[in-house]
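# Reading the structure
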Amino acid sequence: MTLNSKVAMRIALLVALSSAVVACKQVGSNADTSAARNAQGGAPIVADARIGTPNPPGAEGEWTMPARDYASSRYSTLAQITSANAKNLKAAWTFSTGVLRGHEGQPLVINKTMYVVTPYPNVAYAIDLTQPGYPLKWKYRPENSQAAVGTACCDVVNRGAAYSEGKLVYNLLDGHTVAVDAESGKQLWRVQMADLNRGETITMAPIIVKNRVIVGSSGGEMGVRGWIAALDLATGKELWRAFNTGSDADVKIGARFKPFYATERGKDLGLTSWPGDAWKIGGGAVWGWLSYDPTLNLVYHGTSNPGPWNQDVRPGDNKWTCAILARDADTGELIWAFQVTPHDFWDYDAVNENILVDMPVKGQQRKALVHFDRNGFAYTLDRVTGEVLLAQPFVPMNWAKYVNLQTGRPEIDTSKATKQGKLVKNICPSLEGGKNQQPAAFSPQTGLFYVPTNNLCMDFESRPVTYIAGTPYIGANAPETGGPGNYKGEFIAWDAANGRKVWGIREPFPVWGGALVTAGNVVFYGTLDGWFKAVNARTGEVLWQFRVGSGVVGNPITYTGPDGKQYVAVYSGIGGDMGLLIAGDVAANLPFDVRERGTTLPDLAKYTSWGGMLFVFAL
């Protein structure tokens, strides 16, 4: 219906006034105000859902940790950019990182300075946001072994830095963790955490909890033994290290360990659920995202697939791989564990983010943990106990019929179970998962989760395999194809209180970049073919899109500039596991990649190529 100009002017004035009120008001991340809700579309779709941790450190307009807060919400209270004016976004400035390959992760913004970390060689930049042209304050290029490039499984990515007490801390591909003075760029300490000779690398973003820097290893496809460790923020001294396979002592299981399900109880399950000494090379790496509940003092992390992919050589549950673990932040002691995919057949790592939200589930307010697993199920857990409250498919999938809430275990479709020498066709999702590392976001305004997803299936054939230290330990061939329907990815809004999809935007390729949601009722995400989009958080309407130079596999952030304006920033630079599968001049030459080159996304090279740029947008 066409509005006359007088009415249109009144509506525009009301929207502008509402937006100004929201932008000026300090809206707590775990206590959204009714004024902000009303300005951006009324009552939440899921009522009484709140971010489960206190406000992050720093000012409202800063971005001081990878997921902005300990809850991994990726929610910002900034609201100058709204669903009414997002169509007016323009590119404000750009910056070339000088590096190709996969730009995963996100920048940080602290004290009017933006910090950028590149893929290998893991250069860090500090960009002065107060000066015209955004000049560099400093550049730090660490020592970083070239051998790591040939060892890393799935591109030479880096998922970003963390900040605390004047220090920028991040991991190097070759297995070191470094701390840099945020003002000067001077290296403060450098500690070797991983053994490159055994196939260990580090690609994950650390989290800083009190005076502890918590990091984990990569290398699930290399026969590593996964671990997570804490370093002293001041000195880099290792304070504790816990393995994810092995004896209770090594896993740090003691008297406080109280898993919810009976199958997770018993002595030394990290040994007895493996044949012989297979636990020593059994995977269980921690290469994904970390969350923290300050009230419970628990760090939550996932673990990767068991090694090798050939499940015939490792009968048993293979604990604690493909699991979600809750550890005491001070000691690393395991408090509870839940194995999402016991005895994984399909490379369904459980390292995806765990978003901490307080919300009603089945009529009862719960301290929840929401996890979109690679196996295709969206889990809503009680983060105090590890009980599964809900588990529903969020993508097309067929390997399991359902999750039994009494046991927590999936009911497997035996026709999709793999076996050496047998070709099992059309397993959904593929080994890329219903969602891979690309993180979701949560809005307390709507009560919804915003999730980048994949729609891929695979054929899987297990093969004999021999372990040789520092080399791929896989034992399978798994070519991939598009899933049901004429799309390979979808960006969805998910109701985790009821286990249902609210809306979705289908994409021609997997959605491999992360999500950002704001108090302005806007969600941001990028695509593999190079579009950066703003979407109405309530309806899924695409409000704006901009073609960046390369595919987006990174995660957007938003911040307030020194001029008081709200900005949105994202990396452009295709890569990561998806970037290694695409056809044409951007395909990598990895002889040990188990998938046929160019068959998964044969058309993507028409739309994108390697890149390495930071894009910043504003009204």
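Residues numbered from 1 in each chain as written. Predicted model: local features only at pLDDT ≥ 70, side-chain atom pairs only at ≥ 80, totals over all residues. Heavy atoms only, no water.

## Comments concerning the pattern of salt bridges
Rule in force here: Any carboxyl oxygen of Asp or Glu that lies within 4 Å of a side-chain nitrogen of Lys or Arg is treated as forming a salt bridge with it. Strands here mean DSSP runs of E at least two residues long; helices mean DSSP runs of H or I at least four residues long; both are numbered from the N terminus. The classification of residues rests on relative accessible area computed with a 1.4 Å probe and restricted to protein chains. Under 20% of the type maximum is buried, over 50% is exposed, and intermediate values are partly exposed.
Overall, the coordinates contain 26 salt bridges when judged by the stated rule. Asp-155 is the salt-bridge partner of Arg-101, the closest N and O atoms lying 2.8 Å from each other. Linking Arg-101 in the loop between strand E3 (90-96) and strand E4 (108-110) with Asp-155 in the loop between helix H3 (147-151) and strand E8 (162-164), this pair joins segments that are 54 residues apart in sequence. Given the relative accessible area of 24%, Arg-101 is considered partly exposed. Residue classification places Asp-155 among the buried residues on the basis of a relative accessible area of 3%.

## Thoughts on the nonpolar core
Put simply, the test is: The nonpolar core is taken to be a set of buried Ala, Val, Leu, Ile, Met, Phe, Trp, Tyr and Cys residues, with the residues joined through side-chain atoms within 4.5 Å. It only takes one pair of heavy atoms within 4.5 Å for two residues to be counted as in contact.
Residues Trp-336, Met-359, Phe-449 and Tyr-450 are the most contacted members of the largest nonpolar core, which totals 75 residues. Looking at which element gives the most residues to this core, the answer is strand E20 (residues 354-361), with five residues. The residues touching Met-359, leaving out its near neighbours within four places in the chain, are Asp-48, Ala-49, Gln-364, Gln-365, Arg-366, Ala-368, Val-370, Thr-380, Phe-449, Ala-496 and Ala-497. In terms of nonpolar packing, the next biggest core, distinct from the first, is built from 49 residues, Leu-172, Ala-182, Leu-543 and Tyr-571 among them.

## Side note on the sheet that holds strand E12 (residues 207-209)
Strand pairing in a sheet takes place through backbone hydrogen bonds and is either antiparallel or parallel in direction. The line we're drawing: DSSP-based pairing: two strands are paired if at least 2 bridges between them are found. Here an angle of 0 to 180 degrees is reported between the N-to-C directions of two axes, which are lines fitted to C-alpha atoms, with helices fitted over the stretch in contact.
Spatially, the four strands line up as an open sheet ordered E12-E13-E14-E15, and their pairing is antiparallel. Strands at the two margins of the open sheet, each flanked by one partner only, are E12 and strand E15 (238-243). When strand polarity is set aside, the average angle formed by the axes of neighbouring strands in this sheet is 20 degrees. Relative to E15, strand E14 (residues 227-232) runs antiparallel, the two sharing five bridges.

## Some words on the state of the cysteines
The condition that has to hold: Disulfides are defined in this document as cysteine sulfur pairs within 2.5 Å.
Counted according to the given criterion, the structure contains two disulfides. Across the disulfide from Cys-153 sits Cys-154; the S-S distance is 2.0 Å. Residue Cys-154 is classed as partly exposed on the basis of its relative accessible area, which comes to 25%. With a sulfur-sulfur separation of 2.0 Å, Cys-428 is cross-linked through a disulfide to Cys-457. As the torsion about the S-S bond is roughly 105 degrees, the Cys-428-Cys-457 disulfide counts as right-handed. Within this pair, whereas Cys-428 is found in the loop between strand E26 (423-427) and strand E27 (441-442), its partner Cys-457 is found in strand E29 (residues 456-462), the two being separated by 29 residues in sequence. Taken in sequence order, the bonded cysteines of the chain link in the pattern 1-2, 3-4.

None of this, on its own, says anything about what the molecule does.
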